[in-house]
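Take a look at the letters that make up each chain.
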Amino acid sequence: GIVAQYDAMVVRSATKVTAAIIEAASRMKIIGRAGVGVDNIDVRAATNQGIVVVNSPQGNTTSAAEHTWAMIMSAARQIPQAHNKLKQGT
C-alpha cells in the first residue's frame, strides 16, 4: 500500500492506525498523534516494528482556553440572542 512509501505519519483522533497498517509501513520511523492520547494507534505493533509513537498533549491547550473565554464572553454579552434578533429583523 501507499503507507510503505512514508517515513512518518501524523494522525488525528479519528484515524485508526492498526497493526496491519503498521506492518505495511516498511519505512516508517515515527507516528505522531496531533492531540492527547494514542489510543487510536496500535502502540505495541509500532514498538515491535521499531516505530516511535508520540503525541502532543499540550498542543491545543491555549486554543481551548481562548475558546472557553470567548464562549463565556458571548454568553455574558448575550451575543447568540442578539444574533437571532438580527437575523429575524427585530
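Residues numbered from 1 in each chain as written. Predicted model: local features only at pLDDT ≥ 70, side-chain atom pairs only at ≥ 80, totals over all residues. Heavy atoms only, no water.

**Examining the sheet that holds strand S3 (residues 52-55)**
Then step 1. The strand order across the open sheet built from 3 strands is S1-S2-S3, with neighbouring strands paired in parallel fashion. Looking at strand neighbours, the two that pair on one side only are strand S1 (8-11) and S3, the edges of this open sheet. The average angle at which neighbouring strand axes cross in this sheet is 15°, direction not considered.
Then step 2. The pairing of strand S2 (residues 30-33) with S3 spans 4 bridges and is parallel. Residue isoleucine 31 lies in a different strand from S3, and its bridge partner there is valine 53. (Pairing = 2+ DSSP bridges. Helix = DSSP H or I, 4+ residues; strand = E, 2+ residues; numbered from the N terminus. Axes fitted to C-alpha atoms, helices over the stretch in contact; angles between N-to-C directions.)

**Comments concerning unusual backbone geometry**
Then step 1. With phi around 55°, glutamine 78 is a residue other than glycine that occupies positive phi space.
Then step 2. Residue placement: glutamine 78 occurs in the loop between helix H3 (61-76) and helix H4 (79-88).
Then step 3. Overall, the relative accessible area of 49% leaves glutamine 78 in the partly exposed class. (Buried < 20%, exposed > 50% of the residue type's maximum accessible area, 1.4 Å probe, protein only.)

**A short note on the side chain of asparagine 40**
Then step 1. If you trace the backbone, asparagine 40 turns up in the loop between S2 and helix H2 (43-48).
Then step 2. Here asparagine 40 falls in the buried class, since its relative accessible area comes to 5%.
Then step 3. Within the structure, the side chain of asparagine 40 is placed 3.0 Å from the backbone oxygen of arginine 12, a separation counted as a polar contact.
Then step 4. Those residues within four positions of asparagine 40 in sequence are excluded, and the remaining contacts are Val11, Arg12, Ser13, Thr15, Lys16, Val17 and Arg33. (Polar contact = N/O pair within 3.5 Å; in protein donor to acceptor, adjacent residues only side chain to side chain. Contact = heavy atoms within 4.5 Å.)

**A few points about the side chain of serine 74**
Then step 1. When you line up the elements, serine 74 lands in helix H3.
Then step 2. Setting aside chain neighbours within four positions, we find serine 74 in contact with Ile79 and Pro80.

**Points about the pairing of S1**
Then step 1. Side chains of S1 alternate between two faces, with Met9 and Val11 buried and Ala8 and Val10 left unburied.
Then step 2. The parallel pair S1 and S2 is bridged by helix H1 (residues 19-24), and the resulting crossover is right-handed. (Right-handed = clockwise from strand over helix to strand, strands pointing away.)

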